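Secondary and tertiary structure notes
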Amino acid sequence: MKKTFALTVFLLGAALAGPANNSLVVGTSQEPPNIYDPWNTNNLAITSEINGYMGAGLIGLDDNGEAYADIATRVPSIANGDYKIVKDAKGDVIRNSVTYSIRKDAKWSDGTPIKIADFQFWLKLENDDRVPVPDREPWNRAKITSTDADTFTITYEPPYLFADQTSPGRPPVTS
């Protein structure tokens, strides 16, 4: 009886204590070949899922599929002026843009503040022919310009795929 009680207490204590190294254990149906390079994998779905646990995006989607601001201060929309569409005289969309402001408290894991230059560097890397990226769309037609220290605009010319979806409640998909 004492042995059973001792074993139960030990197992319960181990289960409640969790990993001692502050790690996150995720159970998946498959093991990805890597998690550091999402472009160099044969299982993008599981790699994307794990990478999603490890980082944040400018905006994210909640469990109901609704957009929320993550690193950004708000979700871009036509209603708030952060999503803009430019049409020609025939009514065809020729350019669109998305403006983001980075939260003041947004930091990398080492405590370094996230800056616009980080996004500009990422875009430069994404479009470098020496980097094995399977699909450069829409980034090969994007340009990032800064408005101030925390605000930048991504302009797509020609427009990004969702440029014709102008519903105020539907933000553009940018990641």
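Look up: the structure comes first, before these words.
As a starting point, this report considers the structure included with it. (Residues numbered from 1 in each chain as written. Predicted model: local features only at pLDDT ≥ 70, side-chain atom pairs only at ≥ 80, totals over all residues. Heavy atoms only, no water.)

**Comments concerning the overall build of the protein**
Regarding its fold elements, the protein presents three helices and six strands. The N-to-C order of helical and strand elements in the protein reads α-α-β-β-β-β-α-β-β. The long-range share in the protein, meaning contacts at least 24 apart out of those at least 6 apart in sequence, stands at 41%. Carbon and sulfur atoms make up 56% of the accessible area of the protein, which amounts to about 12,100 Å² in all. (Helix = DSSP H or I, 4+ residues; strand = E, 2+ residues; numbered from the N terminus. Contact = heavy atoms within 4.5 Å. Areas by Shrake-Rupley, 256 points an atom, 1.4 Å probe, with all protein chains shown as cover.)

**Some points on helix H3 (residues 116–126)**
Buried residues of H3: Ile 116, Phe 119, Leu 123 and Glu 126, and no others. Along the axis of H3, the buried positions cluster into a sector of 85 degrees, meaning they face one direction only. In this structure, H3 carries Phe 121 and Lys 124 as exposed residues pointing more than 90 degrees from its buried face. Buried residues belonging to H3 abut strand S5 (142–146) and strand S6 (151–156). (Buried < 20%, exposed > 50% of the residue type's maximum accessible area, 1.4 Å probe, protein only. Arc of directions from axis to C-beta.)

**What about a nonpolar patch on the surface?**
Together, Val 26, Tyr 53 and Met 54 make up an exposed nonpolar region whose accessible area comes to about 300 Å². Relative to the elements of secondary structure, Val 26 occurs in the loop between helix H1 (2–17) and helix H2 (44–54). (Patch = residues over 30% accessible without salt bridge, like charges linked within 9 Å, V, L, I, M, F, W, Y side chains within 5 Å. Salt bridge = Lys/Arg side-chain N within 4 Å of Asp/Glu carboxyl O.)

**A word on the pairing of S5**
Here S5 pairs with S6 via five bridges, running antiparallel. Each bridged residue has a counterpart across the sheet, and for Thr 145 the counterpart in S6 is Thr 153. Where S5 folds back on S6, the antiparallel hairpin that results is connected by four residues. (Pairing = 2+ DSSP bridges.)

**Some words on the side chain of Asp 82**
Looking at the element boundaries, Asp 82 is found in the loop between strand S2 (67–69) and strand S3 (83–87). You can call Asp 82 buried: its relative accessible area is 12%. At 2.7 Å, the side chain of Asp 82 and the side chain of Arg 74 are in polar contact. Setting aside residues no more than four positions away along its own chain, Asp 82 makes contact with Arg 74, Pro 76, Ser 77, Ser 97, Val 98 and Thr 99. (Polar contact = N/O pair within 3.5 Å; in protein donor to acceptor, adjacent residues only side chain to side chain.)

**What about the packing of aromatic side chains?**
All told, the structure shown has two aromatic pairs when counted by the stated rule. Between Tyr 100 and Phe 152, the aromatic rings sit 5.9 Å apart at their centres with planes inclined by 35 degrees, giving tilted as the arrangement. With Tyr 100 in strand S4 (residues 93–101) and Phe 152 in strand S6, this pair connects stretches of sequence that are 52 residues apart. Like Phe 152, Tyr 100 is buried. Between the aromatic rings of Phe 119 and Phe 152, the centroid separation amounts to 4.9 Å while the plane-to-plane angle is 25 degrees, which identifies the pairing as stacked. Of this pair, Phe 119 sits in helix H3 while Phe 152 is found in strand S6, placing the two residues 33 residues apart along the sequence. Phe 119 sits in the buried class, given a relative accessible area of 18%. Relative accessible area serves as the criterion here: at 0%, Phe 152 is assigned to the buried category. Taken together, the ring pairs connect Tyr 100, Phe 119 and Phe 152 into an aromatic cluster. (Phe/Tyr/Trp six-rings, centres within 6.5 Å; stacked < 30°, edge-to-face > 60°.)

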